[in-house]
Amino acid sequence: MIERDQLFSNVAVVGLGKIGLTLAAVFANNGYKVSGSDKNEDVVNSINNGEAHVKNEPGLQKLVYDAHENKTLSATTSNVEAVSEADIVVVIVPVLVTDDNKIDYQFIDAAVEDIAEGLQKGSLIIFETTLPPGDTQNRFGKKIEEISGLRMGEDFYLAYSPERVYSNRIIEDLKNYPKVVGGFNQQSLELATDFYKKALNCELIKVSSLETAEFSKVAECVYRDVNIALSNELAKFAEEKGVSITEVINASNSQPFSHLHSPGIGVGGHCIPIYPYFFINKGLVQGLTPMAREINDSMANHAISKIENRLGSLENKNILILGLSYRENVKEPTKSTALLLMDLLKEKQANVLVNDPHFTSSEIIDYGALPLSMKDKFVSNIDVVILQAFHKEYMSLDFEDFSNCKLILDGRNKLNQDEITNLGIVYESIGNEI
Ligand SMILES: NC(=O)c1ccc[n+]([C@@H]2O[C@H](COP(=O)([O-])OP(=O)(O)OC[C@H]3O[C@@H](n4cnc5c(N)ncnc54)[C@H](O)[C@@H]3O)[C@@H](O)[C@H]2O)c1
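We now examine the pairing of strand E4 (residues 88-91). In E4, alternate side chains face the same way, and those of Ile88 and Val90 on one face and Val89 and Val91 on the other are all buried. Across 4 bridges, the pairing between strand E1 (residues 10-14) and E4 is parallel. Bridge assignment links Ala12 to a residue of E4, and that residue is Val89. Direction of pairing for E4 relative to strand E7 (residues 124-127): parallel, over a ladder of 4 bridges. Residue pairing for E7: Val91 is matched across the bridge by Phe127.

Looking now at the sheet that holds strand E16 (residues 426-429). A sheet is described by the order of its strands in space; here 6 strands give the open sequence E13-E12-E11-E14-E15-E16, paired in parallel fashion. Looking along the sheet, the strands with just one partner apiece sit at the ends: strand E13 (370-371) and E16. Relative to strand E14 (residues 384-387), strand E11 (residues 318-322) runs parallel, the two sharing 4 bridges. When the sheet's bridge partners are listed, Ile319 is paired in E14 with Val384.

A few words on a negative patch on the surface. A grouping of Asp398, Glu400, Asp401, Asp418 and Glu419 is seen on the molecular surface, where their side chains present a negatively charged patch. Locating Asp401 in the fold gives a position in the loop between E14 and strand E15 (407-410). The exposure class assigned to Asp401 is partly exposed, which follows from its relative accessible area of 41%.

Another aspect to go through is the packing of helix H6 (residues 135-148) against helix H9 (residues 210-241). Remark: H6 packs on H9, axes separated minimally by 8 Å, with the N-to-C direction vectors making an angle of 110°. One element, H6, and the other, H9, form an angle in the roughly perpendicular class. Here H6 contributes Asp135, Thr136 and Gln137 to the contact with H9, which in turn contributes Leu210, Glu211 and Glu214. Tallied by class, residues from the contact of H6 with H9 come to 1 nonpolar, 2 polar and 3 charged.

The rules we used
Residues numbered from 1 in each chain as written. Predicted model: local features only at pLDDT ≥ 70, side-chain atom pairs only at ≥ 80, totals over all residues. Heavy atoms only, no water. Buried < 20%, exposed > 50% of the residue type's maximum accessible area, 1.4 Å probe, protein only. Helix = DSSP H or I, 4+ residues; strand = E, 2+ residues; numbered from the N terminus. Pairing = 2+ DSSP bridges. Patch = residues over 30% accessible without salt bridge, like charges linked within 9 Å, V, L, I, M, F, W, Y side chains within 5 Å. Areas by Shrake-Rupley, 256 points an atom, 1.4 Å probe, with all protein chains shown as cover. Salt bridge = Lys/Arg side-chain N within 4 Å of Asp/Glu carboxyl O. Lys, Arg positive; Asp, Glu negative; His and termini not counted. Charge placed at Lys NZ, Arg CZ, Asp CG, Glu CD. Axes fitted to C-alpha atoms, helices over the stretch in contact; angles between N-to-C directions. Parallel < 35°, antiparallel > 145°, perpendicular 65-115°, else oblique. Contact = heavy atoms within 4.5 Å. Nonpolar A, V, L, I, M, F, W, Y, C, P; charged D, E, K, R; others polar.

This is the structure we're talking about:
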């Protein structure tokens with residue numbers, strides 16, 4: 001076993017996106033010297049100027065600025081360089097899925113090769129990226145051994161700790177959520193938990209293996225996906241029975257064992273629509289996990305069928321989607337239901353327009369839709385509005401300006417049905433039109 005008398009105090013954070021930059025800034029304000037690395041040069045330059053490139057994260061800009069002033073945070077485009085100066089390496093480069101839902105390791109594989117090249121004997125590597133169970137050790141640990149010639153558990157320590165924070169409140173969640181940690185061996189576990197105790201000052205949950213820690217994060221996402229799928233199934237049944245699902249859920253959840261989530265037009269984002277495939281692609285091919293994916297992805301189609309049932313053909317209809325982001329108050333288009341809706345509506349030969357205050361017009365055009373400002377006179381030509389993400393700007397939306405609108409589909413069950421119907425516009429929702 002390796003002996004290290006030196007205190008672990010130099011951290012490399014590999015991947016400086018929304019999560020990586022926030023982690024790096026928090027570590028750098030809690031007593032560590034942090035060198036972050038990212039392949040995106042703009043990201044690196046902004047951090048080296050004391051600027052957070054991630055916006056809408058309360059408290060982040062101040063942490064980045066303070067760490068920059070105190071010279072505890074710097075960034076480089078070279079993973080090898082950052083890792084070679086570190087005794088703790090935190091990996092937070094994404095694993096995604098391809099269009100046909102196969103696991104896409106391209107970013108993290110490249111990062112791991114660099115880490116292996118720069119790794120110093122005696123260092124601790126912690127993976128935080130959500131991973132299919134087994135990958136920390138069997139895919140990445142082995143790769144690092146192969147390239148570096150160092151042995152897992154003997155020449156370097158290896159741990160896994162999933163990141164479970166929520167966008168828009170990452171700094172708060174890092175303090176308040178318990179950190180689940182698994183280690184390759186006892187020493188790896190102890191080193192990783194000691195690090196998080198000091199670096200995050202949060203509660204820790206030590207689990208018995210790397211796989212347990214990896215499994216726990218994917219299980220959380222599957223739980224939420226299956227729960228939402230159940231609510232969606234119940235919402236469709238409530239529609240048939242003329243019952244309001246929102247009222248039902250409020251009543252049901254007053255019982256302490258009932259935790260029904262909210263139904264909606266679809267599930268998007270980095271996590272819930274992606275991570276179930278980390279189980280499905282590794283053998284969980286039947287049952288609730290794949291079924292939930294199908295149910296949740298079918299909701300966009302369900303919503304469009306409801307519009308067609310009322311209005312007939314959508315050909316040449318002007319249909320406005322509110323919210324390109326997958327959810328409210330973030331700029332995050334990954335796996336957004338808006339993209340699914342756009343494809344389906346184009347197949348119906350509708351004219352698809354999108355409004356989202358978080359995106360510029362040219363960004364919306366890049367996603368294949370026509371941007372529409374709420375101040376544009378063209379709102380009076382809109383035939384149908386679909387609420388996809390309930391950004392705070394939509395709370396004060398005045399539908400009187402939509403003078404030719406025939407139908408509003410409230411995909412998040414957030415709008416005021418009475419106000420809409422009083423304007424002579426048909427209101428449809430997910431499980432609530434009674
Ligand atoms: N975003 C969330 O809300 C969230 C929540 C919980 C957990 N997570 C986990 O965090 C991971 C990262 O999420 P994020 O939101 O920070 O992603 P992000 O897309 O904002 O950032 C990823 C960063 O990695 C960089 N990168 C890609 N390949 C690289 C390489 N080879 N070397 C160095 N840098 C590289 C990119 O340039 C980018 O800046 C997710 O994949 C997930 O596992 C995210």
